[in-house]
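Analysis of the macromolecular model
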Amino acid sequence: MDVRRPFSSIRWIRISMASTLCAALVVLRDPLSFAAAPETEPLRVEMTAPASCPIRPTLFERVRSHTGRVREASAGESSRALRVVIAPDGDRFVADLRLVEDDEVLERRVPGKTCEEVLAAVALIAALAIDPLASAVPVDAGAPQADVEPPPAPPPPPPPRRAPVEIDAGPPARRRGSVSAGVTLEAYGLGELVLGRGVWVEGALATRASPALRLRFARTQSFSAEREQRTAFFQLTTAAVDGCLTAVGWKPKLHRGANVLELRPCVQLAGGVLEGSSSAFGVHRMPRPWASIGAMLQERWRFFGPLELEMAVGLTLPLIRDDFFFLPRDDVYRAPSVVLLGNVGVGTTFR
């Protein structure tokens, strides 16, 4: 005899748990099969823009980067229409946007500094009109823009400037003095006007009065004197020391060098030889010593760099005045008690 035992409650519980577990495994294996696909709307885009505007990403790709609820409309499919016309406006751009769906029309005028800026604004406006939950930040802008150059990298910051260091060089070196040299054309009043030539060298101190000491060598031309149809010839050779001070000096205001014009009083001490000769009774020479003391007034003009012109006039007193005569006792020449001096010359200064 068959005896059938009824299922216990524990067995039914085990079967129910197994069925539930299998269903859960199916759900975990393919969860998307139970979720509804997102709803998308077709969109047709028409755009007119200058050639300077970027062509990548396209305007549809820009809208798609803000919302996933749009797709490109196929041919003949009823869809929204996005029509955009971009035109330059001076140094800016402006876009006329028109979004049409059945009888609803959205129109906007979007200005911007660049065409890229206008395209970004148009894409965001269109995306928000289609999907109010669209992202304000583009998620995927499509292909990289081939026509838009990336902005240049900012230049590196300049190196820090160091504060200038002042070097105290001390006071400028002071010129202690100068040396100059030159040549002169001499004139003497030795009973008649007698010309001569001379050379000189001078040292001066760089002070306000510019005291100077000059060493001069001069020799006159031969001059003559007659006595009873007999002629004697004379020639004076001297070496003199002149001491001078600058009494008056002038230079332009912006001139930083030495004076351009100077007026200098000088004293002179001279010594030398006065030589007399005659051929009346054969050639006979008679050299006699010469000594004199005098004073001059000298004017100097520095006309070009270190070059200078000078002119001086003065008087000298002979300290030795010998008599020259023919035998038995015919006086022929004696130096005057006062001799008029004068000279003109050129010189140069060595700093």
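Residues numbered from 1 in each chain as written. Predicted model: local features only at pLDDT ≥ 70, side-chain atom pairs only at ≥ 80, totals over all residues. Heavy atoms only, no water.

Details of the state of the cysteines
Tallying each qualifying case throughout the model produces two disulfides. One disulfide bridge connects C244 with C266, the sulfur atoms lying 2.0 Å from each other. Measuring handedness by torsion sign, the sulfur bridge of C244 and C266 sits at about 115° and is right-handed. Remark: C266 occurs in strand β12 (residues 261-278) and C244 occurs in strand β10 (residues 230-244); sequence separation between them is 22 residues. For C244, a relative accessible area of 4% gives the class buried. When the bonded cysteines of the protein are counted from the start of the sequence, the pairing works out to 1-2, 3-4. (Disulfide = S-S within 2.5 Å. Helix = DSSP H or I, 4+ residues; strand = E, 2+ residues; numbered from the N terminus. Buried < 20%, exposed > 50% of the residue type's maximum accessible area, 1.4 Å probe, protein only.)

Quick word on the sheet that holds strand β1 (residues 41-48)
If you walk across this open sheet you meet the five strands as β2-β1-β3-β4-β5, and the pairing is mixed. If you trace the sheet from one side to the other, it starts and ends with β2 (70-72) and β5 (104-112), each paired once. Neighbour-to-neighbour, the strand axes of the sheet open up by a mean angle of 30°, direction not taken into account. Pairing analysis gives nine bridges linking strand β3 (residues 80-89) to strand β4 (residues 92-101), with the strands arranged antiparallel. Looking across to β4, one finds that D89 is bridged to R92. (Pairing = 2+ DSSP bridges. Axes fitted to C-alpha atoms, helices over the stretch in contact; angles between N-to-C directions.)

Regarding the pattern of salt bridges
Inspection of every chain in the model, using the stated rule, returns 21 salt bridges. Two residues, R69 and E41, come together in a salt bridge whose shortest N-O distance is 3.5 Å. You can see R69 sitting in the loop between α2 (59-64) and β2 and its partner E41 sitting in strand β1, a full 28 residues away along the chain. A relative accessible area of 16% places E41 in the buried class. (Salt bridge = Lys/Arg side-chain N within 4 Å of Asp/Glu carboxyl O.)

Some words on empty space enclosed by the protein
Scanning all chains against the criterion turns up two cavities of 30 Å³ or more. Space inside the largest cavity adds up to approximately 140 Å³. What lines the largest cavity is a set of 17 residues, among which Y188, T238, Q268, A270 and L341 lie closest to the centre. Only β6 (177-189), β8 (212-220), β10, β12, β13 (284-304) and β17 (339-350) provide two or more residues apiece to the lining of the largest cavity. Examining the composition of the lining of the largest cavity, we find that four residues originate from one element, β17, more than from any other. Of the residues in the lining of the largest cavity, the class split is nine nonpolar, six polar and two charged. Of the volumes computed, that of the second largest cavity is approximately 40 Å³. (1 Å grid on protein atoms, 1.4 Å probe; cavity = no way out; pocket = protein on both sides within 12 Å on 5 of 7 lines; lining within 4 Å. Points joined across faces, edges and corners; volume = space filled by probe spheres on them. Nonpolar A, V, L, I, M, F, W, Y, C, P; charged D, E, K, R; others polar.)

Some remarks on the pairing of β3
Both β1 and β3 contribute to a ladder of six bridges, which runs parallel. Across the sheet, residue M47 finds its bridge partner in β3, namely V84. Counting the residues in the hairpin turn of β3 and β4 gives two residues, including G90, whose phi is positive at 70°.

Observations concerning the packing of aromatic side chains
Tallied over the full model, the rule gives five aromatic pairs. Ring plane angle 65° and centroid distance 5.6 Å describe the contact between F223 and Y333, whose orientation is recorded as edge-to-face. Residue F223 is located in strand β9 (residues 223-227), and its partner Y333 is located in strand β16 (residues 330-334); the two are separated by 110 residues in the primary sequence. With a relative accessible area of 4%, F223 lands in the buried category. With relative accessibility at 11%, the residue Y333 sits in the buried group. One aromatic cluster is present, built from ring pairs that chain together F223, F234, F324 and Y333. If you follow R214 out to its NZ or CZ, it ends over the ring of W200, 3.6 Å from the centre. (Phe/Tyr/Trp six-rings, centres within 6.5 Å; stacked < 30°, edge-to-face > 60°. Lys NZ or Arg CZ within 6 Å of the ring centre and 35° of its normal.)

Description of unusual backbone geometry
Backbone torsion omega between R56 and P57 reads -5°, so that peptide bond is classified as cis. Among the secondary structure elements, P57 is positioned in the loop between β1 and α2. Even without glycine at this site, S210 takes up a positive phi of about 45°. Along the chain, S210 falls in the loop between β7 (193-205) and β8.

A few points about the pairing of strand β15 (residues 323-326)
Alternating residues of β15 divide into F324 and F326, all buried, and D323 and F325, none buried. Pairing geometry for β15 and β16, over four bridges, is antiparallel. From the neighbouring strand, F326 faces β16, where its bridge partner is D330.

Some thoughts on the confidence of the model for the protein
In this model, the protein carries a mean pLDDT of 81, and residues with pLDDT of at least 70 account for 79%. Segment residues 1-13: pLDDT under 50, and one contact once partners within four positions in sequence are set aside and those in other chains are kept. Below a pLDDT of 50 lies the segment residues 18-37, which in the model reaches one contact outside its immediate sequence neighbourhood of four places, other chains included. (pLDDT = per-residue confidence, 0-100. Contact = heavy atoms within 4.5 Å.)

Section: helix α3 (residues 115-130)
Taking 1.5 Å of rise per residue, the 16 residues of α3 would be expected to cover 22 Å, and the 23 Å separating its terminal C-alpha atoms lies within 8% of that figure. Taken as a whole, α3 has its buried residues at C115, V118, L119, V122, A123, A126, A127 and I130. Angular distribution of buried residues about the axis of α3 spans 160°; they occupy a single face of the element. For α3, the secondary structure elements touched by its buried residues are β1, α2, β2, β3, β4 and β5. (Expected span 1.5 Å × (residues − 1). Arc of directions from axis to C-beta.)

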